[in-house]
Amino acid sequence: MNIKALLSATAVASVAFAGAAVARDQIQIAGSSTVLPYASIVAEAFGENTEFPTPVVESGGSSAGLKKFCTGVGENTIDIANASRAIREKEIKACAEAGVTDIIEVRIGYDGIVFASDINGNGFTFTPTDWYKALAAEVVVDGKLVANEATSWKQVNEALPDQEIQAFIPGTKHGTREVFEEKVILQGCEDSGALKAMVDAGASEKDAEKKCMSLRTDGRSVDIDGDYTETLARLDANKNGIGVFGLAFYENNTDKLQVATMAGVTPSTETIASGEYPVSRPLFFYVKKAHIGVVPGLKEFAQFFVSDELAGPDGPLAQYGLVSDPELAKVQEAVASETTLTH
Amino acid sequence: MTDTAVSYRPDTASDPVRRKTSLLEVDALTRKRNAAETRFKIYGIVAILIGLFFLAALLYAILSNGLTAFNQTFVSVPVTLDRAAVEDAEASLVKTSKYNAMIDKALAARLAEAGIATQMKPTDLRKMLSSGAASQVREFVLENPGRVGETVTFDLLASSRVDGYLKGRVTRAALVNDKNLDAGHLDLIDAMGDAGIAVKRFNLAFITGADASDSRPEQAGIGVSMIGSFYMMLVVLLLSLPIGVAASIYLEEFAPQNRFTDMIEVNISNLAAVPSIVFGILGLAAFIQFAHLPQSAPIVGGLVLTLMTLPTIIISTRASLKAVPPSIRDAALGVGASKMQSVFHHVLPLAMPGILTGTIIGLAQALGETAPLLLIGMVGFIASNYPGGLASGFLDPNSAMPAQIYEWAKRADPAFYERAWGGIIVLLLFLMTMNIVAIILRRRFERRW
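Since the structure is predicted, the reported quantities are computational estimates derived from the model, not experimental observations.

**Regarding the environment of B:G362**
Then, in step 1: Checked against the element boundaries, B:G362 lands in helix α15 (residues 339–367).
Then, in step 2: Between the alpha carbons of B:G362 and B:M308 there is a distance of 8.7 Å; along the sequence they are 54 residues apart.

**As for the sheet that holds strand β3 (residues 198–202) of chain B**
Residues and elements named next belong to chain B.
Then, in step 1: Pairing in this open sheet of three strands is antiparallel, and the strands run β2-β1-β3 from one edge to the other. Looking at which strands have only one partner, the edges of the open sheet turn out to be β2 (151–157) and β3. For this sheet, the mean angle separating the axes of adjacent strands, direction not counted, is 35°.
Then, in step 2: Packing of helix α4 (residues 95–113) onto the sheet brings it into contact with β1 (71–80) and β2, and relative to β1 it is tilted by some 95°.

**Considerations on the packing of helix α10 (residues 223–254) of chain B against α15(B)**
All names here are of chain B.
Then, in step 1: Direction vectors running N to C along α10 and α15 enclose 140°, while the axes themselves pass 9 Å from each other. Between α10 and α15, the crossing angle belongs to the class labelled oblique. Classified by chirality, the crossing of α15 by α10 is right-handed. Between α10 and α15, the contacting residues are S229, M233, V236, L237, L241, V245, I249, E253 and F254 on the first element and K339, M340, V343, F344, V347, L348, I355, T359, L363, A366 and L367 on the second.
Then, in step 2: Here the residues of the contact of α10 with α15 sort into 16 nonpolar, two polar and two charged.

**Considering helix α11 (residues 259–272) of chain B**
Then, in step 1: With 14 residues, α11(B) extends 20 Å from end C-alpha to end C-alpha; this agrees with the ideal 20 Å at 1.5 Å per step.
Then, in step 2: For α11(B), the N-terminal capping position is held by B:N258, with its side-chain oxygen 3.1 Å away from the main-chain nitrogen of B:F260.

**Remarks on a nonpolar patch on the surface**
Residue and element names in this part refer to chain B.
Then, in step 1: A contiguous nonpolar patch, built from I45, I48, L49, L52, L55, L59, L63, L67 and L428 and spanning about 820 Å² of accessible area, is present on the exposed surface.
Then, in step 2: Per-element accounting of the nonpolar patch gives the leading share, seven residues, to helix α2 (residues 28–66).
Then, in step 3: Locating I45 in the fold gives a position in helix α2.

**Some points on the packing of aromatic side chains**
In this description, a pair of aromatic rings is defined by centroid distance and the angle of the planes.
Residues and elements named next belong to chain A.
Then, in step 1: Under the counting rule described, the total for this entry stands at 26 aromatic pairs over all chains.
Then, in step 2: Ring centres of F115 and F180 lie 6.0 Å apart, and the angle between their planes is 50°; on these two criteria the pair is classed as tilted. Residue F115 is located in strand β4 (residues 103–118), and its partner F180 is located in helix α7 (residues 175–191); the two are separated by 65 residues in the primary sequence.
Then, in step 3: Classification of F115 by relative accessible area gives buried; the value is 1%.
Then, in step 4: Taken together, the ring pairs in this structure connect F46, F52, F285, F301, F304 and F305 into an aromatic cluster.

**Points about the nonpolar core**
Then, in step 1: Within the largest apolar cluster, 91 residues are counted, with the highest numbers of intra-cluster contacts made by A:F115, A:F126, A:W131 and A:F180.
Then, in step 2: Considering every element that reaches this core, the biggest residue donor is helix α2 (residues 36–49) of chain A, with eight residues.
Then, in step 3: When residues are assigned to domains, this core turns out to be shared by domain 1 (24–111 + 282–336) and domain 2 (112–280) of chain A, each giving three or more.
Then, in step 4: B:M226, B:I376, B:L395 and B:A403 belong to the second largest nonpolar core, which has 51 residues in total.

**Quick notes on the interface of chain B and chain A**
Then, in step 1: Residue-level contacts link 51 residues of chain B with 46 residues of chain A.
Then, in step 2: With both sides pooled, the region where chain B packs onto chain A buries about 4200 Å², and carbon together with sulfur makes up 55% of that total.
Then, in step 3: Contact with chain A buries area across many residues of chain B, yet B:K179, B:Q295 and B:F381 alone supply 14% of it, more than any other trio.
Then, in step 4: Summed over the shared surface of chain B and chain A, the number is two salt bridges.
Then, in step 5: Among the salt bridges present, the one from B:R216 reaches A:E48, with a minimum N-O distance of 2.6 Å.

**Some thoughts on the packing of helix α3 (residues 83–91) of chain B against α4(B)**
All names here are of chain B.
Then, in step 1: One way to put it is that α3 packs onto α4 with a least axis distance of 7 Å and a crossing angle of 155°. Put simply, α3 runs roughly antiparallel to α4. Between α3 and α4 lies a crossing of right-handed hand. Touching A85, V86, D88, A89 and E90 of α3 are K95, K98, Y99 and M102, all from α4.
Then, in step 2: A breakdown of the residues in the contact of α3 with α4 according to their chemical character gives five nonpolar, no polar and four charged.

**Quick notes on the state of the cysteines**
Residue and element names in this part refer to chain A.
Then, in step 1: Tallied over the entire structure, the rule returns two disulfides over all chains.
Then, in step 2: With its sulfur 1.9 Å from that of its partner, C70 forms a disulfide with C95. Classification of the bridge connecting C70 and C95 rests on its S-S torsion, roughly -75°, and on that basis the disulfide is left-handed. Within this pair, whereas C70 is found in the loop between α3 (62–69) and β3 (80–83), its partner C95 is found in helix α4 (residues 89–97), the two being separated by 25 residues in sequence.
Then, in step 3: Accessibility expressed as a relative area gives 10% for C70, which makes it buried.
Then, in step 4: The buried category is assigned to C95, whose relative accessible area is 0%.
Then, in step 5: With a sulfur-sulfur separation of 1.8 Å, C189 is cross-linked through a disulfide to C212. On the sign convention where negative means left-handed, the S-S torsion of about -45° between C189 and C212 marks this disulfide as left-handed.

**Here we look at the confidence of the model for chain A**
Then, in step 1: Per-residue confidence for chain A gives a mean pLDDT of 86, with 93% of residues at or over 70.
Then, in step 2: Across residues 15–22 of chain A, confidence stays below pLDDT 50; counting only partners more than four residues off in sequence or on other chains, it has eight contacts.

**Here's the deal with the pattern of salt bridges**
Then, in step 1: Summed over the entire model, instances satisfying the criterion amount to 37 salt bridges over all chains.
Then, in step 2: Of the charged contacts in the structure, one is a salt bridge between A:E91 and A:R85, with a shortest N-O distance of 2.9 Å. This pair shows no difference in class: A:E91 is buried, exactly as A:R85 is.
Then, in step 3: Overlapping salt bridges, with partners in common, bring together B:D211, B:D214, B:E407, B:K410 and B:R411 in one network.

Rules and cut-offs
Residues numbered from 1 in each chain as written. Chains lettered and ligands numbered in written order. Predicted model: local features only at pLDDT ≥ 70, side-chain atom pairs only at ≥ 80, totals over all residues. Heavy atoms only, no water. Helix = DSSP H or I, 4+ residues; strand = E, 2+ residues; numbered from the N terminus. Pairing = 2+ DSSP bridges. Axes fitted to C-alpha atoms, helices over the stretch in contact; angles between N-to-C directions. Contact = heavy atoms within 4.5 Å. Parallel < 35°, antiparallel > 145°, perpendicular 65-115°, else oblique. Left-handed = near helix turned anticlockwise from the far one by under 90°. Nonpolar A, V, L, I, M, F, W, Y, C, P; charged D, E, K, R; others polar. Expected span 1.5 Å × (residues − 1). Polar contact = N/O pair within 3.5 Å; in protein donor to acceptor, adjacent residues only side chain to side chain. Patch = residues over 30% accessible without salt bridge, like charges linked within 9 Å, V, L, I, M, F, W, Y side chains within 5 Å. Areas by Shrake-Rupley, 256 points an atom, 1.4 Å probe, with all protein chains shown as cover. Salt bridge = Lys/Arg side-chain N within 4 Å of Asp/Glu carboxyl O. Phe/Tyr/Trp six-rings, centres within 6.5 Å; stacked < 30°, edge-to-face > 60°. Buried < 20%, exposed > 50% of the residue type's maximum accessible area, 1.4 Å probe, protein only. Core = buried A, V, L, I, M, F, W, Y, C linked by side-chain atoms within 4.5 Å. Domains from an automatic or database assignment. Buried area = accessible area lost by both parts, 1.4 Å probe. Disulfide = S-S within 2.5 Å. pLDDT = per-residue confidence, 0-100.

If you want it as structure tokens, here you go:
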């Protein structure tokens, strides 16, 4: 009977697959969507230049990647997590509980966070104070906290154009959000004297900082949980909007976006490398040491990633928009000696 | 019926003042009813026109955005494969970067030979070419070690921005802030086009090729993810057809009618309506975390889609079994066939066209499904290796066509956007073919009683 034969064939096939599903020869990577393009460029070059197969790179965000990374050790867990922020103490603990104890931290370079608007609209020269005053849920007026009612950038800062406040900022699952809050909103809170005013009014430092970083929810500030392409689409639909992007994304879309200066500095690889441009952050990937020697090519891949030819100032990563790490040699050394995180 | 006929009798004596009406004369009530009918027809036509308009707009958007993905700009350059340079490159860590120097030299020489003068440095000239050019040359060297020392003419891909310029996507004005290319490059490209060095032609690699990283969209193709989709569909077909048909035959022909079978029936109908992302989470928990099947593998994707397709197949199979008239079964049983013989010799063959149609439609639905694949690791930079054989096709990480399209649409470089639309065209062609096959099967073999 035909169907009988089919059934038994599939049964045999599924057993065969279950048996074959043990050895894995590709490196598996997941994590930050900011690091994804760099990781995929390196993965492609790695596949072309070595006898190892091209690694598999998934995205999903820094937190999601690290969570996956910390599920345990073994063939069906990932080998490398990409992150656009440093791993947190809490995550290291979660990792350790699942048996992932030896983690190698590799810093690949820096990424700038830029503020851009539609190319045909007004140009902007921001300071962190402007962003704090425009987006904070509550601002200090005459020593008291009142709900933020600013509707135009001009109300926030006389020097800015009279354009409606509409910001598209990364959602909380993105590592970019943390940098935005710390380097822009909190900085603006401090610069404008609001933080000091709150502390003087009797709030603890921690509460005051938390207050600084709570953003308004009346629709002026919109969280984007997707990728930068979604932010770009939102700007396309709302020409008054200002979006938060990674430098590399902006550099690939200069025909649609114009970039705003921050504290008088135009973002570029040079100003970020020199530290002049204030809103930048390091990019990392984390390697499971227990997988080195088990998954073929894992250490080679990590070394390949941070080699001068790739991550150096003239390499393809810098070409794409990464700001190369001035201390790359130190990173290379740490990878070579498999230095793990201590905690 | 008879009641109404009676009450509308024209010679009703109780209403002597009733106006005489004629069938030839259209009275107000009839006019109203006719108008209502006309209005309803117009609503219908408007609804269809709106539908057609959106279909046309969709097709126009897909074709106008996507057709350009099938053409690509190539630059033909004769590269001298100098033995010393090749050996030097093979000894270094990033071998492809050393091949770039050879390409630089070759491109500069080719321009000089064509009489195109330029002030640009060779390394800047290379920005017009894909960063994948070096690996193309290296691959040739590895495959033909005997030809090292000769001069070989390569058709190298132009960079995505150059290609975008020739396709009208990148304009001169847009290059002001672009750090990869400037107006000088565009002048050169124009001259190279005139000299026949740079040509735009059909790019088969888009259909057969592998995914490429963010720095070289021009090299990306949908081929490997097509293979991934194929293996997934194979798993779906091999599992869901036999299981689905067996389950339906049992439920329809053998199972007793009781509460338990009723419950199963209700649950199957419910399963058909479960959002596909739910099956993705189930697949992650059951197949990857519990059964330890490899991540991103088409076998896992196929298993998840099998779960999704099974209810569709069971429902359509049961419907076509039901459509076979009981007289066929009775006749078979009457001449002494067993229940099983009557089902397998008579009912099943007659129901087969309906079953196949349902299966093909279920497969087409599974082919276009992306959501469950997000959760089992099939979205990302994955479809970059060709599977090396049958087992590797099922077990090695791969993507699927809709997942690849989603991935391209997310990437920063606008050239990927064009490829996403191109991918949609390829996917639609597959879906259309499958649906047409289903229609033909139904038309040709279906019997009505």
